[in-house]
Amino acid sequence: MNTKPKHLPAAERRAATVAAVIALAARHNPSEITTGAIAQYMHLTQGALFRHFSSKDAIWQAVMEWVAEGLLERVDQAASLATSPLAALEAMFFSHVEFISAHPGVPRIMFGELQRAGATPAKEIARELVQTYRSRLSRCIEQGKAQGELRSDLEVEVAVTLFIGIIQGLLVQAMLAGDLDSMRRTAPRVFTIFRRGIQTEP
């Protein structure tokens, strides 16, 4: 088998590097992933890798940019197809779960960046992603309250925190069980309980 790496345009090589980091993070602690490990996974030399990135931090910045763009694009598309604010929340919930299930390295990278000491471009992108996501959820919940679909006494910030916390809880339990696909199986029942707590009583 020929393992000699193909010559790729710069944009494709950068995208392949991001994919490699996410794949490695699904099996290893992201903080322990070295540029040497990334290069080895891609069948490259570190010199070849650094022709496209100025540093390891630059690689992590590109990874977080991909995560932010990918997750927000997915939840926005799901919400845009919904017929009501509550339906949009449900669509966002399941698209988020699906994104994590399809890319298990992503939450490991997110948690790792947010826990790092000091400021880095990747950490700032992670923070901005969380803030932007919370804003989208808040807006959706406010619309649901205005339309009478969600309880008038619903505390928006609490509901947003619970929404995100449910997904994080599903993830942690799935990781502990060593069965990430369990997120997909459990998510419908969990969201049913969440929905009952926020929707207007019939």
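From a predicted model like this one, the values you see are computed outputs, not experimental measurements.

(A) Layout of the overall build of the chain. Each helix and strand counted, the chain has 9 helices and 0 strands in total. Overall, the chain is about 65 × 35 × 30 Å in size when its C-alpha atoms are taken along their principal axes. Counting across all 202 residues of the chain, residues that qualify as buried make up 40%. Residue pairs at least 24 apart in sequence account for 64% of intrachain contacts in the chain once pairs closer than 6 positions are excluded. Accessible surface computed for the chain: about 11,100 Å², of which carbon and sulfur atoms make up 53%. Where the 22 positive side-chain charges of the chain centre and where its 20 negative ones centre are 7 Å apart.

(B) The arrangement of unusual backbone geometry in detail. The residue His43 is not glycine, and still its phi comes out positive at about 60°. When you line up the elements, His43 lands in the loop between α2 (35-41) and α3 (46-49). For His43, a relative accessible area of 48% translates into the label partly exposed.

(C) Local environment of the pattern of salt bridges. Under the counting rule described, the total for this entry stands at 10 salt bridges. Between Asp57 and Arg116 there is a salt bridge; the shortest N-O distance is 3.6 Å. Here the residue Asp57 occupies a position in helix α4 (residues 56-80), and Arg116 occupies one in the loop between α6 (105-115) and α7 (121-146), the gap between them amounting to 59 residues. A salt bridge links Arg195 to Glu90; the nearest nitrogen and oxygen atoms lie 3.4 Å apart. Here Arg195 is found in helix α9 (residues 182-198), whereas its partner Glu90 is found in helix α5 (residues 85-102), with 105 residues between them in sequence. You can call Glu90 partly exposed: its relative accessible area is 27%. Each member of the salt-bridge network shares a partner with another, and the members are Glu98, Asp179, Asp181, Arg184 and Arg185.

(D) Spotlight on the packing of aromatic side chains. Following the criterion strictly, the structure yields 8 aromatic pairs and no others. Judged by centre distance (5.6 Å) and plane angle (85°), the ring pair of Phe93 and Phe163 falls under edge-to-face. Here the residue Phe93 occupies a position in helix α5, and Phe163 occupies one in helix α8 (residues 156-177), the gap between them amounting to 70 residues. Here Phe93 and Phe163 have matching classes, each one buried. With centroids separated by 4.9 Å and ring planes inclined at 45°, the aromatic side chains of Phe93 and Phe191 adopt a geometry described as tilted. Highlighted residues: Phe93 in helix α5 and Phe191 in helix α9, separated in sequence by 98 residues. Taking the relative accessible area as the measure of exposure, Phe191 reaches 1% and is therefore buried. Taken together, the aromatic side chains of Phe93, Phe94, Tyr133, Phe163, Phe191 and Phe194 make up a single cluster linked through ring pairs. If you follow Lys56 out to its NZ or CZ, it ends over the ring of Trp60, 5.2 Å from the centre.

(E) Layout of α8. Compared with an ideal rise of 1.5 Å per residue, which puts 22 residues at 32 Å, α8 spans 32 Å between its outermost C-alpha atoms and is within 8% of the ideal. For α8, the elements touching its buried residues are α5, α6, α7 and α9. Trailing α8 by a residue or two, Gly178 shows a phi angle of about 70°, which is positive.

(F) Structural context of the packing of α4 against α7. Interhelical geometry of α4 versus α7 gives an angle of 10° and a closest axis separation of 8 Å. Comparing their axes, α7 and α4 come out roughly parallel. Facing α4, whose interface residues are Trp60, Gln61, Met64, Glu65, Val67, Ala68, Leu71, Leu72, Val75 and Asp76, α7 presents Pro121, Ala122, Ile125, Ala126, Leu129, Thr132, Tyr133 and Arg136. Its residues assigned to classes, the contact of α4 with α7 comprises 13 nonpolar, 2 polar and 3 charged.

What counts and what doesn't
- Residues numbered from 1 in each chain as written.
- Predicted model: local features only at pLDDT ≥ 70, side-chain atom pairs only at ≥ 80, totals over all residues.
- Heavy atoms only, no water.
- Helix = DSSP H or I, 4+ residues; strand = E, 2+ residues; numbered from the N terminus.
- Buried < 20%, exposed > 50% of the residue type's maximum accessible area, 1.4 Å probe, protein only.
- Contact = heavy atoms within 4.5 Å.
- Areas by Shrake-Rupley, 256 points an atom, 1.4 Å probe, with all protein chains shown as cover.
- Lys, Arg positive; Asp, Glu negative; His and termini not counted.
- Charge placed at Lys NZ, Arg CZ, Asp CG, Glu CD.
- Salt bridge = Lys/Arg side-chain N within 4 Å of Asp/Glu carboxyl O.
- Phe/Tyr/Trp six-rings, centres within 6.5 Å; stacked < 30°, edge-to-face > 60°.
- Lys NZ or Arg CZ within 6 Å of the ring centre and 35° of its normal.
- Expected span 1.5 Å × (residues − 1).
- Axes fitted to C-alpha atoms, helices over the stretch in contact; angles between N-to-C directions.
- Parallel < 35°, antiparallel > 145°, perpendicular 65-115°, else oblique.
- Nonpolar A, V, L, I, M, F, W, Y, C, P; charged D, E, K, R; others polar.

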